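# Chain and residue survey
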Amino acid sequence: MILRLTLRDFLTLQGARGMAIDVLVGRVWITEDGRAGDSFVEAGRSYRVGGHGMVLIGTEHQARMAEVVVRNPTRRAAWDWVLNLLKEYRDELQAARTRRQLRALPDRMLRDIGLRRDQLDL
């Protein structure tokens, strides 16, 4: 379904992680809960929702009108989301392993690499 937004219209999405917002006409701004700043998307471009929170979409003031399509996540997007979670988990495991290894070093070696023991628990 194509949604037409005028200057005073807003589209609100909840729990939209993985959804794609395709801009067909005009230019929109997209505010996503948990992300700093707005994203501006113009006709012919898409935006993929990454967070779990609320998403607010509005027409950029100079465009006056926009048409968008909101698509549910595809299977590929779902797999990308799972793979991203696994990558984040792997990165956390690696960071924990590195912190353990650094804690095992004597203070003299930490100083040699420019660290203090109180910096290891950040």
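Here is a short report on the structure shown in this document. (Residues numbered from 1 in each chain as written. Predicted model: local features only at pLDDT ≥ 70, side-chain atom pairs only at ≥ 80, totals over all residues. Heavy atoms only, no water.)

Attention now moves to the overall build of the protein chain. A count of helical and extended segments in the protein chain gives two helices and eight strands. Reading the helices (α) and strands (β) of the protein chain from amino to carboxyl end gives β-β-β-β-β-β-β-β-α-α. The C-alpha atoms of the protein chain give 22 Å as radius of gyration, which overshoots the globular expectation for 122 residues (14 Å, by more than 25%). Among the 122 residues that make up the protein chain, the fraction classed as buried is 26%. Taking all contacts inside the protein chain whose residues are at least 6 apart in sequence as the whole, residues at least 24 apart take part in 66%. Carbon and sulfur atoms make up 54% of the accessible area of the protein chain, which totals about 8700 Å². Each charge class in the protein chain was averaged separately, 21 positive and 16 negative side chains, and the resulting centres sit 5 Å apart. (Helix = DSSP H or I, 4+ residues; strand = E, 2+ residues; numbered from the N terminus. Rg over C-alpha atoms; globule rule 2.2 N^0.38 Å. Buried < 20%, exposed > 50% of the residue type's maximum accessible area, 1.4 Å probe, protein only. Contact = heavy atoms within 4.5 Å. Areas by Shrake-Rupley, 256 points an atom, 1.4 Å probe, with all protein chains shown as cover. Lys, Arg positive; Asp, Glu negative; His and termini not counted. Charge placed at Lys NZ, Arg CZ, Asp CG, Glu CD.)

Ordered in space as β1-β8-β3-β6, the four strands form an open sheet in which the pairing is antiparallel. Each of the sheet's edge strands pairs with one partner strand only, and the pair in question is β1 (2–6) and β6 (46–48). Neighbour-to-neighbour, the strand axes of this sheet turn through a mean angle of 25°, independent of strand direction. Judged from the five bridges that link them, β1 and strand β8 (residues 65–71) form a sheet pairing that is antiparallel. Bridge assignment links I2 to a residue of β8, and that residue is V69. (Pairing = 2+ DSSP bridges. Axes fitted to C-alpha atoms, helices over the stretch in contact; angles between N-to-C directions.)

Bridge count between strand β4 (residues 27–32) and strand β5 (residues 39–42): four bridges; the pairing is antiparallel. Within β5, the position partnered with V28 by the bridge is V41.

Okay, the packing of aromatic side chains next. Scanning all chains against the criterion turns up one aromatic pair. With a centroid separation of 5.7 Å and an interplanar angle of 55°, the aromatic rings of F10 and W29 are classed as tilted. Separated by 19 residues along the polypeptide, F10 in strand β2 (residues 10–13) and W29 in strand β4 bring together distant segments of the chain. Accessibility expressed as a relative area gives 16% for W29, which makes it buried. (Phe/Tyr/Trp six-rings, centres within 6.5 Å; stacked < 30°, edge-to-face > 60°.)

Before going further, it helps to examine the pairing of strand β3 (residues 20–25). Alignment of β3 against β6, held across three bridges, turns out to be antiparallel. Within the sheet, the bridge partner assigned to A20 lies in β6 and is R48.

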